[in-house]
2 protein chains.
Amino acid sequence: MTLLAKSAQGKGGPDAIFAYSDMANKRAAEIGRENITNATIGAFLDEKGKVLTLKAVEESMRGLDFSDSVTYAPLKGMPRFIEAVIDATFGDYRPQGYISAIASPGGTGAIHNAFYNYLNRGEVCITTDYCWGNYRTMLREMDCTLETFRTFKDEHFDVESCLAKAGEVAQKQQNVFMLLNTPAHNPTGFSVTDEEWDEVIKGLKAINQNGKNNVVLLVDIAYIDFAGKDARRFMQKFSDLPENFLTLFTFSLSKGYTLYGYRLGALVAVSSSAEVIAEFDKATAASSRATWSNCSKAAMMVMCDFADHAEKMAAFKAQQEALSQNLKQRAEIFVNEAKACGLVTLPYQSGFFLMVPTDTVEIAQEAARLLREEDIFLVPLGKGLRVALCAIVEEKITGLAERINEALKKAQAK
Amino acid sequence: MTLLAKSAQGKGGPDAIFAYSDMANKRAAEIGRENITNATIGAFLDEKGKVLTLKAVEESMRGLDFSDSVTYAPLKGMPRFIEAVIDATFGDYRPQGYISAIASPGGTGAIHNAFYNYLNRGEVCITTDYCWGNYRTMLREMDCTLETFRTFKDEHFDVESCLAKAGEVAQKQQNVFMLLNTPAHNPTGFSVTDEEWDEVIKGLKAINQNGKNNVVLLVDIAYIDFAGKDARRFMQKFSDLPENFLTLFTFSLSKGYTLYGYRLGALVAVSSSAEVIAEFDKATAASSRATWSNCSKAAMMVMCDFADHAEKMAAFKAQQEALSQNLKQRAEIFVNEAKACGLVTLPYQSGFFLMVPTDTVEIAQEAARLLREEDIFLVPLGKGLRVALCAIVEEKITGLAERINEALKKAQAK
């Protein structure tokens with residue numbers, strides 16, 4: 001017997017990442033957190049396994065007028081928050097065109113609104129074959145599917161494979177919907193370079209000038225604040241594109257503002273067409289109203305507080321930069337040691353995660369199992385092991401590449 | 001030109017309630033908030049137009065470990081939070097059966113998950129003809145529709161009309177999905193009585209024992225903490241119902257915990273079938289993951305804090321009761337004065353709103369216009385005026401019934 005609607009049947013169930021994270025937590029309870037290496041978690045942690053937070057964010061949050069902070073925010077988000085989101089998204093590289101943004105619960109909510117409003121049922125979104133698994137879950141919820149293209153060719157983003165896939169989808173549906181998680185891609189840490197962006201945009205323009213297709217490009221920038229000072233330079237390339245080329249960005253306060261659990265983000269839109277932006281506003285706000293109503297006022301007020309007080313903004317930026325440098329140090333240890341011992345990783349530039357590729361799914365799982373015997377916890381994701389650099393401090397990273405390398409050799413030999 | 005998906009076209013646009021609220025705010029900016037009566041807003045306000053908050057909630061929030069409060073909560077919600085939600089939902093009247101709950105962003109998110117998982121596309125949810133307009137918006141977002149039955153017969157809930165509509169829907173779709181916003185219904189303030197619940201449940205059981213239909217009954221209890229001490233007594237009636245009768249409750253921290261803008265609630269399920277509750281858990285958690293991911297950890301921690309500390313819980317309960325009494329006083333003034341001057345209202349027992357019915361939509365709008373000329377702001381909703389008792393203090397309520405009565409007479413005479 002089931003009472004579920006047809007499309008709700010058969011979905012859900014255990015999540016691989018949570019399952020591996022649970023194993024780590026169980027072991028930590030047995031022998032102490034300090035005696036294991038838990039590189040399964042997608043949050044930036046200190047040596048005690050606590051989330052690293054920004055002092056400026058905490059102080060701003062604690063300074064809010066409580067009565068104000070508990071009221072409903074406007075559906076679209078507080079106007080000052082929306083301005084602040086647009087500033088934070090583009091920095092010095094704001095593209096020419098009409099720009100708008102609508103608040104959402106985290107980056108996930110923003111992606112939901114993008115999928116819902118720009119894909120018909122049964123249609124396809126395309127992204128890299130190494131990708132965040134939840135994109136698939138989200139599309140399934142609206143009877144759409146994820147199709148992937150090869151992420152890398154040699155050491156670089158595979159532009160050819162990306163555009164070939166876009167061309168294939170263009171034959172089947174009007175909106176060619178492409179999602180790119182860059183810079184600091186989850187789970188590999190690669191970033192599309194400015195030159196690669198030029199080629200991608202050129203290829204997509206060719207598609208949407210065929211008189212038939214539109215392009216909807218969704219750039220997931222969840223990790224952008226850990227990708228260095230030039231991370232936003234590519235954004236100016238979305239200036240003056242054709243009217244039927246809509247660029248969307250998912251803005252999130254989870255990582256860059258260390259407000260993961262406050263659930264605030266926004267979907268940001270850029271278009272040469274005022275009409276396309278007006279319909280984006282209307283449809284996206286209606287989705288918000290119809291799905292979660294409004295979003296965290298307290299987190300919005302923190303962003304407004306920074307926007308209104310230069311000294312608070314400066315402190316926040318400095319602390320955010322320090323956090324980003326801390327992650328960079330962790331990554332450098334791992335990357336250098338991997339090179340030294342001959343451990344191959346996928347091209348990593350920045351971000352919370354790094355991937356060690358394997359020849360098969362089975363090797364990845366066996367290597368993860370062997371590492372668990374040494375109290376090292378990583379998540380096997382398809383043909384590879386995901387290392388959450390964000391979750392482990394320098395001391396635990398030192399020597400990790402070599403131990404992964406040994407485990408891989410054993411797993412391959414089996 | 002449009003880039004929107006087909007089902008996203010034509011939705012959205014201005015909201016009547018926000019539009020009237022904007023008019024009030026504009027006027028307040030001109031002549032001062034203290035010189036207008038703004039009864040348009042669905043939040044409990046003090047004489048300065050600030051949201052009334054509970055001290056125990058504020059203290060708990062301020063006492064949270066910041067680093068803990070910013071982490072991601074589990075998808076389903078923190079286990080202690082889920083227990084606390086179930087306790088808070090049922091109080092002393094927990095029904096027999098399997099019970100579960102999944103966190104959501106406010107009551108809206110809970111309703112979303114209920115609609116999505118228990119209605120096929122094109123199907124119908126039924127509710128009272130006086131109802132919260134957003135139910136319709138939410139159903140439209142998933143290609144479903146709202147159909148209504150007559151709310152009142154004489155001074156009482158129209159059980160006959162309710163069950164006739166349920167029977168009609170049973171002919172067309174397998175899941176008879178009924179939504180009742182009670183106690184302290186928005187926008188009228190009525191509550192289904194225990195005797196009326198007996199009749200409704202009996203009628204729905206007759207439908208789901210026909211070997212063909214299931215019943216999904218969604219009870220929206222957003223305002224229950226303002227409905228008096230017996231408000232939960234009806235909940236025990238959902239004990240030992242047939243396996244294909246699923247009862248859902250939308251729990252919300254917005255009003256009862258004065259955490260409107262923190263966006264936390266839960267969808268609570270009761271069933272005689274372990275299997276039905278297991279599939280509820282799986283499908284609802286998957287929807288959460290696929291739509292907004294996880295929910296406000298900080299607000300969850302406040303509920304856990306109360307659950308873990310009897311003295312904090314006692315303080316919270318006492319403050320919540322005082323707030324409820326304050327609303328009751330406001331309502332008594334209005335109801336007594338309405339009786340004295342002969343102004344007819346729909347049956348009000350408790351809650352944030354009260355409705356003054358009109359013969360036509362036009363009379364409601366004209367009366368609202370005339371009242372605006374006197375700097376009194378109410379929202380005309382269909383054939384009636386909605387008075388937000390929650391938004392205006394005693395001083396502004398005194399005399400209001402008579403002024404509405406005068407405006408109505410003028411509008412009718414036109």
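Residues numbered from 1 in each chain as written. Chains lettered and ligands numbered in written order. Predicted model: local features only at pLDDT ≥ 70, side-chain atom pairs only at ≥ 80, totals over all residues. Heavy atoms only, no water.

Asks: Mind laying out the environment of Arg150(A), listing which residues take part and the relevant values?
Replies: Residues and elements named next belong to chain A. Position of arginine 150 among the secondary structure elements: in the loop between strand S4 (145-149) and strand S5 (152-153). Take arginine 150: its relative accessible area is 45%, and that puts it in the partly exposed class. Through-space distance from the C-alpha of arginine 150 to that of aspartate 129 is 5.5 Å; in sequence the pair is 21 residues apart. Residues within four places of arginine 150 in sequence aside, it is in contact with Asp129, Asp158 and Ser161. (Helix = DSSP H or I, 4+ residues; strand = E, 2+ residues; numbered from the N terminus. Buried < 20%, exposed > 50% of the residue type's maximum accessible area, 1.4 Å probe, protein only. Contact = heavy atoms within 4.5 Å.)

Asks: Before we move on, can you summarise the relation of the copies chain B and chain A with the specific residues and values?
Replies: Superposing chain B onto chain A takes a rotation of 180° combined with a translation of 0.0 Å along the rotation axis, leaving an RMSD of 0.0 Å. Taken together, the rotation and translation relating the two chain copies correspond to the operation of a two-fold axis. For chain B, the residue whose C-alpha comes nearest the rotation axis is Arg62(B), separated from it by 3.5 Å. Interface overlap between copies is the fraction of interface residues in one copy that are interface residues in the other; for chain B against chain A it reaches 100%, indicating a shared surface. (Least-squares fit on C-alpha atoms with pLDDT ≥ 70 in both.)

Asks: Please provide a residue-by-residue account of the packing of aromatic side chains, values included.
Replies: What the rule picks out here adds up to 43 aromatic pairs over all chains. Between Tyr260(A) and Tyr72(B), the ring centres sit 5.2 Å apart and the planes meet at 75°, which makes this aromatic pair edge-to-face. Linking Tyr260(A) in the loop between strand S9 (245-252) and strand S10 (265-271) with Tyr72(B) in the loop between helix H3 (66-69) and helix H4 (79-90), this pair reaches from one chain into another. Take Tyr260(A): its relative accessible area is 0%, and that puts it in the buried class. A ring pair is formed by Phe157(B) and Phe190(B), whose centres lie 5.7 Å apart and whose planes are at 15°; its orientation type is stacked. Of this pair, Phe157(B) sits in strand S6 (residues 156-157) while Phe190(B) is found in the loop between strand S7 (175-181) and helix H8 (194-208), placing the two residues 33 residues apart along the sequence. In terms of burial, Phe157(B) and Phe190(B) fall into one category: buried. These aromatic residues form a ring-pair network of at least three members: Phe44(A), Tyr223(A), Phe226(A), Phe352(A) and Phe353(A). (Phe/Tyr/Trp six-rings, centres within 6.5 Å; stacked < 30°, edge-to-face > 60°.)

Asks: Break down the sheet that holds strand S4 (residues 145-149) of chain B for me, with residues and values.
Replies: Residue and element names in this part refer to chain B. Sheet architecture is open: 7 strands sit in the order S2-S10-S9-S8-S7-S3-S4, paired in mixed fashion. Edge positions in the open sheet fall to strand S2 (98-104) and S4, since each of these has one partner strand only. On average, each strand axis in the sheet is inclined to that of its neighbour by 25°, with strand direction left out of account. As paired elements, S7 and strand S8 (residues 214-220) share 7 bridges and run parallel to each other. For valine 176, the partnering residue across the bridge sits in S8 and is valine 215. Sheet strands touched by helix H6 (residues 134-141): strand S3 (124-128), S4, S7 and S8. Its angle to S4, the strand with the most contacts, is close to 145°. (Pairing = 2+ DSSP bridges. Axes fitted to C-alpha atoms, helices over the stretch in contact; angles between N-to-C directions.)

Asks: Help me get a handle on the interface of chain B and chain A, residues and values and all.
Replies: Contacts between the two partners involve 82 residues from chain B, matched on the other side by 82 residues from chain A. Looking only at chain B, the three residues that lose the most surface to chain A are Met1(B), Leu3(B) and Phe66(B), adding up to 12% of its buried area. Between chain B and chain A we count 6 salt bridges in total. There are 46 residue pairs in polar contact (both at pLDDT 80 or more) connecting chain B and chain A. For the side of chain B that touches chain A, the secondary structure elements donating two or more residues are helix H2 (55-62), H3, helix H5 (106-118), H6, S8, helix H9 (274-291) and helix H10 (297-308) of chain B. With 10 residues, H9(B) is the single largest residue contributor to the side of chain B that touches chain A. Of the residues belonging to the side of chain B that touches chain A, the class tally is 34 nonpolar, 28 polar and 20 charged. (Buried area = accessible area lost by both parts, 1.4 Å probe. Salt bridge = Lys/Arg side-chain N within 4 Å of Asp/Glu carboxyl O. Polar contact = N/O pair within 3.5 Å; in protein donor to acceptor, adjacent residues only side chain to side chain. Nonpolar A, V, L, I, M, F, W, Y, C, P; charged D, E, K, R; others polar.)

Asks: Could you give an account of the nonpolar core, with specific residues and numbers?
Replies: Phe81(A), Phe334(A), Phe81(B) and Phe334(B) are the most contacted members of the largest nonpolar core, which has 230 residues in total. If we ignore the near neighbours within four places in the chain, the residues touching Phe81(A) are Ala103(A), Leu253(A), Leu264(A), Gly265(A), Met300(A), Met303(A) and Cys304(A). (Core = buried A, V, L, I, M, F, W, Y, C linked by side-chain atoms within 4.5 Å.)

Asks: Help me get a handle on the domain arrangement of chain A, residues and values and all.
Replies: All names here are of chain A. Here chain A is described as being made up of domain 1 (6-54 + 313-413) and domain 2 (74-295). Averaged C-alpha coordinates put domain 1 and domain 2 at centres separated by 26 Å. The largest share of the area that domain 1 buries against domain 2 comes from Pro347, Ser350 and Phe352, three residues that together contribute 24% of it. Summed over the shared surface of domain 1 and domain 2, the result is 1 salt bridge. A salt bridge links glutamate 141 to lysine 11; the shortest N-O distance between them is 2.9 Å. The tally of links from domain 1 across to domain 2 stands at 11 residue pairs in polar contact (both at pLDDT 80 or more). The element that contributes the greatest number of residues to the side of domain 1 that touches domain 2 is helix H11 (residues 310-341), accounting for 5 residues. Its residues assigned to classes, the side of domain 1 that touches domain 2 shows 17 nonpolar, 10 polar and 3 charged. (Domains from an automatic or database assignment.)

Asks: Tell me about the pattern of salt bridges, and please be specific about residues and values.
Replies: All told, the structure shown has 52 salt bridges over all chains when counted by the stated rule. The closest approach of N and O atoms between Arg80(B) and Asp308(B), which form a salt bridge, is 2.8 Å. Residue Arg80(B) is found in helix H4, and its partner Asp308(B) is found in helix H10; the two are separated by 228 residues along the sequence. A residue is classified by how much of its surface remains accessible, and Asp308(B), at 46% relative accessible area, is partly exposed. Here Glu147(B) ties to Lys165(B) by a salt bridge, and the two come within 2.9 Å at their closest N and O atoms. Of this pair, Glu147(B) sits in strand S4 while Lys165(B) sits in helix H7 (residues 159-170); the two residues are 18 residues apart in sequence, bridging distant segments of the chain. In this structure Glu147(B) comes out as partly exposed when scored by relative accessible area, which is 24%. For Lys165(B), a relative accessible area of 12% puts it in the buried group. The network of salt bridges with shared partners includes Glu147(A), Lys165(A), Glu168(A) and Lys172(A).

Asks: Explain the pairing of strand S8 (residues 214-220) of chain A to me, and be specific about the residues and the numbers.
Replies: All names here are of chain A. Of all the 7 residues making up S8, 7 are buried; the element is thus mostly covered by neighbouring parts of the structure. Judged by which residues are buried, S8 turns out to be covered on both faces: Asn214, Val216, Leu218 and Asp220 on one side and Val215, Leu217 and Val219 on the other are all buried. The parallel pair strand S7 (residues 175-181) and S8 is bridged by helix H8 (residues 194-208), and the resulting crossover is right-handed. (Right-handed = clockwise from strand over helix to strand, strands pointing away.)

Asks: Give me the lowdown on the sheet that holds S10(A), citing residues and values where you can.
Replies: All names here are of chain A. What the 7 strands build is an open sheet, ordered S2-S10-S9-S8-S7-S3-S4; its pairing is mixed. Here the strands that pair on one side only, and so sit at the sheet edges, are strand S2 (98-104) and S4. Sheet twist, expressed as the average angle between the axes of neighbouring strands with direction ignored, equals 25°. Strand direction decides the pairing type here: S9 and S10, joined by 6 bridges, are antiparallel. In the strand pairing of S10, phenylalanine 251 is matched with alanine 266. Strand contacts of helix H7 (residues 159-170): strand S3 (124-128), S4 and S7, with the helix running at about 140° to S4, the strand carrying the most contacts. Along the sheet face, helix H9 (residues 274-291) touches S2, S9 and S10 and points at about 5° away from the line of S2.

Asks: Hey, could you go over the pairing of strand S11 (residues 353-357) of chain B for me, with residue numbers and the actual values?
Replies: All names here are of chain B. Most of S11 is tucked away: 4 of the 5 residues are buried. Where S11 meets strand S14 (residues 384-388), 5 bridges bridge the pair, whose relative direction is antiparallel. Bridge pairing links phenylalanine 353 to alanine 388 in S14.

Asks: An account of helix H4 (residues 79-90) of chain A is requested, with residue identities and associated values reported.
Replies: Residue and element names in this part refer to chain A. The first and last C-alpha atoms of H4 sit 17 Å apart over 12 residues, in line with the 16 Å expected at 1.5 Å per residue. Within the span of H4, buried status applies to Phe81, Ile82, Ala84, Val85, Ile86, Ala88, Thr89 and Phe90. Contact partners of the buried residues in H4: S2, S9, S10 and helix H10 (297-308). Phi turns positive one or two residues past the end of H4, at glycine 91, with a value near 55°. (Expected span 1.5 Å × (residues − 1).)

Asks: If you had to explain the side chain of Asn213(B) to someone new, which residues and values would you point to?
Replies: Residue and element names in this part refer to chain B. Position of asparagine 213 relative to the elements: it lies in the loop between H8 and S8. Its relative accessible area of 1% is what places asparagine 213 among the buried residues. For asparagine 213, the side chain forms a polar contact with the main-chain oxygen of glutamine 174, separated by 3.0 Å. At 2.9 Å, the side chain of asparagine 213 and the side chain of asparagine 210 are in polar contact.

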